[in-house]
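Here's the letter readout for the chains.
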Amino acid sequence: MLEIIVGLVLLMILAYFGMSILWIAPLSAAVVALLSGMDVLPTLTDTYMGGFVGFTKSWFPVFLLGAIFGKLMEVTGAAKSVASKITQLIGKKRAILGVLVAGAILTYGGVSLFVVVFALYPIALSLFREANVSRKLLVPTFVLALFTFTMTAVPGTPQIQNLIPMDYFHTTPTAAPVIGIVTALIMAVGGYFWLKRSEKRLTSNGEGFIEPDNSKSEEDEGEQLPNWLLSIVPLVTVVVVLNVLEKDAIIALLAGVMATMILVPKKYKSFINAINEGAKGSVIATINTSAAVGFGAVVTALPAFQSVTDSLIGISDNPLISEALTIQILAMITGSASGGMGIGLEALGSTYYDLALTTGTSPEAMHRISSVAAGASILPHNGALLTLFAVTGMTHKDSYKDVAVVALIIPFIAVVAGIILASMGIL
C-alpha cells in the first residue's frame, strides 16, 4: 500500500502549496504507477484518462448549465437583488446571519457556488463594515453558507454533491429528507452560533472591520437591480422542476436559464457574453474534478486497492460508517468534495449499493450520508477554500481555525448524527 500512500500524500502536499490539480493529479498518478510496477504511459493514457473522460461524459452538461445559469443570475443582477433583499429584511447589523441566509438561498436555488461568492462579496463587505465585524469571519461565513448544508444536506438541492450519488443508489435529490434536514440544522445552527461566538471574541479583543487593501469590490450603490420577486423566480424554478416535477438536473437548470432571460430581459445584450463566460468557467470546474477522479481511477486499478477496499468495508458491520469514512477521507485528500465522492463511488458505489440491499440499509440513507460526508472535508488545500481566500484577500492564518470548525468538525458531527438516525430507521 506504500504507493497509494505516497501518491495521496504527494497530491495533498502539492495542492496545499497551490499547484493546479490539472497537472499534479496525473503526476501523482504516474508516481503511483511507477512505484507499483505498472507501465506509466499506458496507465496515464488508458486508466487515468478513462476515469477522467468517464466523469466528464456523465457530468459536463450539469456543470455547463449550472455555470451558465449562475452567470446569467450574476450579470442580470438577479443574484445580487435577492441577496440585497434578504440582508435588508434581516437587518444590516446582523451581518453574519444576512450573508448566511442570502448565500444559502442562492446556492439552494442552483446558482454556482463560485458565482455566489462574487455576487455576494460586495454586499457582505458592506454589511461587515456597517456592523463593524472583523473581515476574518468573511471566509468562514461564506464557507458555512455555500459549502456545507445547502451543498450536501438540504433535501432537493441541485448542487452536484447531491446529484452524484443518485446514479449509484438509484435515488432522487430529496433522498432521506429527515436525515437531510437534521444534518442541515446541525451544520447551519451550530456553525452560526460558533461564528457569533468568534465575533464576540474578536470584538472583545478590539478587532473590528478593517478596510481591505483593494476596496474596488465595494457595492455599487447606484446600480439598478431588478425586482427581487422576479429575481427569485428562476431559483424557485430550478428547485420545483428538479424536485416537484421530478425532471433531471439538466432540464431543471435549463428551465432556470430560460426563466432568467425571460424575467430579466433588460440585460439581453449581456446574455451571449454571460453564456460564453459561464461555459468557459464550466470547463475549468469540470476538468479540475475530472482530474481528481482520474487519479482515483489509477488508485482503484492497483492490486493493493482491493486490500484497502476490504479494510474499509470491513471496518464496521454498518456500511454507512465505511462509506462515510471512505468518501470523507478521499474528499480531504483531493481537496474536492465532488472529486472525492466521484472517486469513492466510482470504485465502491456498486459495492455499497449491494451492501445496503443485503444488510437492510436504505439506499436513500447511503445517498445522504455520502453527500454530507463529502462536504465534511475542507482542509487547508481545498480548491474552493483557496478561491475564497483569493477573492476576500484573507489568509489561512486569519480564518482557517473558524473554517475548520464550521466546515470540518461540525459537519462531521452531522455525519455521525445522520448515521445514528439511519441506523434507527429514520429517513
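Please read these numbers as outputs of a predicted model, since none were measured by experiment.

A. Expanded view of the layout of surface pockets. In this structure, the second largest pocket encloses a volume near 320 Å³. Around the second largest pocket sit 20 residues that line it, and I4, L8, V308, I329 and L330 are the ones nearest its centre. The set of elements that each furnish at least two residues to the lining of the second largest pocket consists of α1 (2-16), α13 (271-301), α14 (305-313) and α15 (319-334). It is α15 that provides the largest number of residues to the lining of the second largest pocket, a total of six residues.

B. Region of interest: the confidence of the model for the protein. For the protein, the average pLDDT comes to 87, and 96% of its residues sit at 70 or higher. Ranking the elements of the protein by mean pLDDT puts α14 last, at 74, and helix α10 (residues 177-204) first, at 97.

C. Up close: the packing of helix α16 (residues 337-359) against helix α17 (residues 363-375). Here α16 crosses α17 at 155°, and the two axes come no closer than 11 Å. Between α16 and α17, the interaxial angle falls into the category roughly antiparallel. Here α16 and α17 pass one another in a crossing that is right-handed. Touching A337, M341, Y352, Y353, A356 and L357 of α16 are P363, M366, S370, S371, A374 and G375, all from α17. In the contact of α16 with α17, the residues fall into nine nonpolar, three polar and no charged.

D. View of the pattern of salt bridges. Counted according to the given criterion, the structure contains five salt bridges. Measuring nitrogen to oxygen at the nearest pair gives 2.9 Å for the salt bridge that ties E199 to K196. Note that E199 and K196 are positioned in helix α10 at a spacing of three residues, about one turn of the helix.

E. Just the packing of aromatic side chains, in detail. Tallying each qualifying case throughout the model produces three aromatic pairs. With a centroid separation of 6.3 Å and 40° between ring planes, the pair formed by Y48 and F52 is classed as tilted. Pair noted here: Y48 and F52 are both in helix α3 (residues 40-75), with a separation of four residues, about one helical turn. Neither Y48 nor F52 differs from the other in exposure class; each is buried.

F. Expanded view of the nonpolar core. Core analysis: the biggest nonpolar cluster contains 109 residues, and F128, F142 and V143 have the highest contact counts within it. Top element by residues in this core is helix α6 (residues 113-131). It accounts for 13 residues. F142 has contacts with V99, V117, L120, Y121, A124, F147 and L388, leaving out every residue within four places of it along the chain. In this structure, L14, F295, V299 and L312 belong to the second largest nonpolar core, which totals 22 residues.

G. Inspection of unusual backbone geometry at higher detail. A positive phi is found at N132, a non-glycine position, where the angle reads about 55°. Position of N132 relative to the elements: it lies in the loop between α6 and α7 (138-146). The class of N132 is partly exposed, set by a relative accessible area of 44%. Its identity as a non-glycine residue notwithstanding, H170 has a phi of 55°, on the positive side.

H. Structural context of empty space enclosed by the protein. Going through the model one piece at a time under the given rule, you end up with two cavities of 30 Å³ or more. Roughly 40 Å³ of internal volume is contained in the largest cavity. Lining the largest cavity we find V293, G296, A297, T300, G342, I343, E346 and A347. Of all elements in the fold, only α13 and α16 reach the threshold of two or more residues within the lining of the largest cavity. Among the residues forming the lining of the largest cavity, the class breakdown is four nonpolar, three polar and one charged. Of the voids in this model, the second largest cavity is the one considered here, and its volume is about 30 Å³. Together, K93, R94, A95, I96, L97, V133, Y192, K196 and E199 line the second largest cavity. Breaking the lining of the second largest cavity down by element, the ones donating at least two residues are α5 (95-108) and α10. Residue composition of the lining of the second largest cavity, by class: five nonpolar, no polar and four charged.

What counts, and where the lines are drawn
- In this convention, every chain numbers its residues from 1, walking through the sequence in written order.
- Only residues with pLDDT of at least 70 are given local features in this predicted model, and only at 80 or more are side-chain atom pairs given and counted; all residues enter the totals for whole chains, interfaces and linings.
- Excluding hydrogens and water, the side-chain values take into account all heavy atoms of the structure.
- Here a cavity means grid points, on a 1 Å grid over the protein atoms only, where a 1.4 Å probe fits yet cannot get out; a pocket means an open set of points with protein on both sides within 12 Å along at least five of seven lines; lining residues are those with an atom within 4 Å of a point.
- Grid points are joined across faces, edges and corners, and a volume is the space filled by probe spheres set on the points.
- In DSSP terms, a helix is any run of H or I states spanning at least four residues, a strand is any run of E spanning at least two, and both are numbered starting from the N terminus.
- The predictor's confidence in any single residue is recorded as pLDDT, a number from 0 to 100.
- The axes are straight lines fitted to the C-alpha atoms, using for helices just the contacting stretch, and the angles between their N-to-C directions are given from 0 to 180°.
- In these notes the angle categories are as follows: under 35 degrees is roughly parallel, over 145 is roughly antiparallel, 65 to 115 is roughly perpendicular, and the rest is oblique.
- Helix crossings are classified by the rotation of the near helix relative to the far one: an anticlockwise turn of less than a right angle makes the crossing left-handed, while a clockwise turn makes it right-handed.
- Residue contacts follow a heavy-atom distance rule, with two residues in contact if any of their heavy atoms lie within 4.5 Å.
- Ten residues, namely Ala, Val, Leu, Ile, Met, Phe, Trp, Tyr, Cys and Pro, are considered nonpolar, four, namely Asp, Glu, Lys and Arg, are considered charged, and the remaining ones, Gly among them, are considered polar.
- Any carboxyl oxygen of Asp or Glu within 4 Å of a side-chain nitrogen of Lys or Arg constitutes a salt bridge here.
- A pair of Phe, Tyr and Trp rings is counted when the ring centres sit within 6.5 Å of each other, with Trp represented by its six-membered ring. The angle between the planes then sorts it: under 30 degrees is stacked, over 60 is edge-to-face, the rest tilted.
- Accessibility here uses a 1.4 Å probe with only protein chains present; expressed as a share of the type maximum, an area under 20% marks a residue as buried, one over 50% as exposed, and anything in between as partly exposed.
- What makes a nonpolar core is a set of buried Ala, Val, Leu, Ile, Met, Phe, Trp, Tyr and Cys residues whose side-chain atoms join them at distances within 4.5 Å.

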